[in-house]
Amino acid sequence: EADIYQTPRYLVIGTGKKITLECSQTMGHDKMYWYQQDPGMELHLIHYSYGVNSTEKGDLSSESTVSRIRTEHFPLTLESARPSHTSQYLCASEDSHRGKTYEQYFGPGTRLTVT
Amino acid sequence: AQRVTQPEKLLSVFKGAPVELKCNYSYSGSPELFWYVQYSRQRLQLLLRHISRESIKGFTADLNKGETSFHLKKPFAQEEDSAMYYCALADYGQNFVFGPGTRLSVLP
């Protein structure tokens, strides 16, 4: 079934650890996004990608990196986790062929706690 | 720069009452406007978009370019409408800008 997946759903990790949050979509969408969202609060764009080998920084500098080696996969890496990184991370994808804007489809999110 | 404002962080109404969630935007071109909804323990999902001009779950939203607004309305609120609502703006081929969100609470 076409969907967007995020793993892990929940993660508790100690300060200084390196972590990778996984995001995969089976919808064949070209654009993908990572947002940071504290519960019930606004979304902050961290990174986005127009397609394979394309990555851009968003408005929020979260000391993270992303890669887009395959269309369906857009992992987010924190090299050294800090308590300030505690938040929910949402991955989204969008079919933006022909330069038009369509709806964004969101994953279930990863709730990260850094102790 | 594109900007979306939602003046109310929390809106409480009684079941059966009309509800209006406000959204204003700033953008010099012709944006596309969306409303996204996040129910408790569910994913953020599209509710409606202005170009569709349709009613979803009884909600409608009209784009008013003169007032740069895209308010979401429903004549009779239901308890299952309680959720976080986000207004979003996009320019064709560009990124979305989400508003800060309004939490709607429909009281019995």
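Structure's up top.
Cut-offs used in this document
Residues numbered from 1 in each chain as written. Chains lettered and ligands numbered in written order. Predicted model: local features only at pLDDT ≥ 70, side-chain atom pairs only at ≥ 80, totals over all residues. Heavy atoms only, no water. Pairing = 2+ DSSP bridges. Helix = DSSP H or I, 4+ residues; strand = E, 2+ residues; numbered from the N terminus. Axes fitted to C-alpha atoms, helices over the stretch in contact; angles between N-to-C directions. Phe/Tyr/Trp six-rings, centres within 6.5 Å; stacked < 30°, edge-to-face > 60°. Lys NZ or Arg CZ within 6 Å of the ring centre and 35° of its normal. Buried < 20%, exposed > 50% of the residue type's maximum accessible area, 1.4 Å probe, protein only. Polar contact = N/O pair within 3.5 Å; in protein donor to acceptor, adjacent residues only side chain to side chain. Contact = heavy atoms within 4.5 Å. Disulfide = S-S within 2.5 Å. Buried area = accessible area lost by both parts, 1.4 Å probe. Salt bridge = Lys/Arg side-chain N within 4 Å of Asp/Glu carboxyl O. Nonpolar A, V, L, I, M, F, W, Y, C, P; charged D, E, K, R; others polar. Core = buried A, V, L, I, M, F, W, Y, C linked by side-chain atoms within 4.5 Å. 1 Å grid on protein atoms, 1.4 Å probe; cavity = no way out; pocket = protein on both sides within 12 Å on 5 of 7 lines; lining within 4 Å. Points joined across faces, edges and corners; volume = space filled by probe spheres on them.

**Q** So what's going on with the sheet that holds strand β1 (residues 4–7) of chain A? Which residues, and what values?
**A** Residue and element names in this part refer to chain A. Ordered in space as β1-β3-β8-β7, the four strands form an open sheet in which the pairing is antiparallel. Each having just a single partner strand, β1 and β7 (64–66) make up the two edges of the open sheet. Sheet twist, expressed as the mean angle between neighbouring strand axes with direction ignored, is 15 degrees. Relative to strand β3 (residues 19–25), β1 runs antiparallel, the two sharing four bridges.

**Q** Break down the packing of aromatic side chains for me, with residues and values.
**A** For any two aromatic rings, the description comes down to two numbers: the centre-to-centre distance and the angle of the planes. Inspection of the entire model under this criterion finds 13 aromatic pairs over all chains. Here the aromatic residues Tyr33, Tyr35, Tyr48, Tyr50 and Phe106 of chain A together with Phe34, Tyr36, Phe96 and Phe98 of chain B are joined through ring pairs into a cluster of three or more. If you follow arginine 68 of chain A out to its NZ or CZ, it ends over the ring of phenylalanine 74 of chain A, 5.8 Å from the centre.

**Q** Can you explain the side chain of threonine 102 of chain B? Please cite residues and give values.
**A** Residue and element names in this part refer to chain B. In this structure, threonine 102 sits in strand β11 (residues 102–107). In this structure threonine 102 comes out as buried when scored by relative accessible area, which is 0%. A polar side-chain atom of threonine 102 sits 2.6 Å from the main-chain carbonyl oxygen of glutamate 8. Ignoring sequence-local partners within four residues, the contact set of threonine 102 consists of Gln6, Glu8, Lys9, Leu11, Leu21, Ala83, Met84 and Tyr85.

**Q** Describe the state of the cysteines, listing the residues and the values that go with them.
**A** If you walk through the whole model with that rule in mind, you get two disulfides over all chains. The disulfide bridge from cysteine 23 of chain A ends at cysteine 91 of chain A, spanning 1.9 Å between sulfur atoms. Here the S-S torsion is close to -75 degrees, and the disulfide linking cysteine 23 of chain A with cysteine 91 of chain A is therefore left-handed. Note that cysteine 23 of chain A is positioned in strand β3 and cysteine 91 of chain A in strand β9 (residues 87–94), a separation of 68 residues in sequence. Here cysteine 91 of chain A falls in the buried class, since its relative accessible area comes to 0%. Between the sulfur atoms of cysteine 23 of chain B and its disulfide mate cysteine 87 of chain B the distance is 2.0 Å. Disulfide cysteine 23 of chain B to cysteine 87 of chain B: torsion about the S-S bond roughly -65 degrees, handedness left-handed. In this pair, cysteine 23 of chain B is assigned in the loop between β3 (19–21) and β4 (24–26) and cysteine 87 of chain B in strand β9 (residues 83–90), connecting sequence segments 64 residues apart. Of the two residues, cysteine 23 of chain B and cysteine 87 of chain B, neither departs from the other in class, the shared state being buried.

**Q** Got a sec to walk through the interface of chain A and chain B? Specific residues and values, please.
**A** Taken together, the contacts link 24 residues of chain A with 22 residues of chain B. For the pair chain A and chain B, the summed buried surface comes to about 1,800 Å²; carbon and sulfur atoms form 49% of the total. If you look at where chain A meets chain B, you find one salt bridge. Of the charged contacts, one joins arginine 43 of chain B and aspartate 3 of chain A as a salt bridge, the two residues approaching to 2.9 Å between their closest N and O atoms. Put simply, chain A and chain B have seven residue pairs in polar contact (both at pLDDT 80 or more) between them. When residues of the side of chain A that touches chain B are traced back to their parent elements, those giving at least two are β4 (31–37), β5 (43–49), β9 and β10 (104–106) of chain A. Counting residues per element, the side of chain A that touches chain B draws most heavily on β4 of chain A, which supplies four residues. Taken together, the residues of the side of chain A that touches chain B break down into eleven nonpolar, seven polar and six charged.

**Q** Please provide a residue-by-residue account of the nonpolar core, values included.
**A** Nonpolar side chains tend to gather and get buried jointly when the protein is soluble and globular. Residue and element names in this part refer to chain B. Membership of the largest hydrophobic core comes to 24 residues, with the highest contact counts inside it found for Trp35, Leu72 and Tyr85. Taken together, the elements giving at least two residues each to this core come down to β2 (10–14), β3, β5 (32–38), β6 (45–49), β9 and β11. Top contributing element to this core by residue count: β9, with four residues. Look past the residues within four positions of leucine 72 in its chain and what remains in contact with it is Val19, Glu20, Leu21, Trp35, Leu47, Leu48, Phe59, Thr60, Ala61 and Tyr85.

**Q** Report on empty space enclosed by the protein, specifying residues and quantitative values.
**A** Residue and element names in this part refer to chain B. On inspection of all chains with the given rule, the structure shows one cavity of 30 Å³ or more. Roughly 30 Å³ of volume is contained in the largest cavity. Contributing to the lining of the largest cavity are Leu48, Arg49, His50, Arg53, Glu54, Thr60 and Ala61. Put simply, the parts of the chain that give the lining of the largest cavity at least two residues each are β6 and β7 (60–61). For the lining of the largest cavity, the per-class residue count stands at two nonpolar, two polar and three charged.

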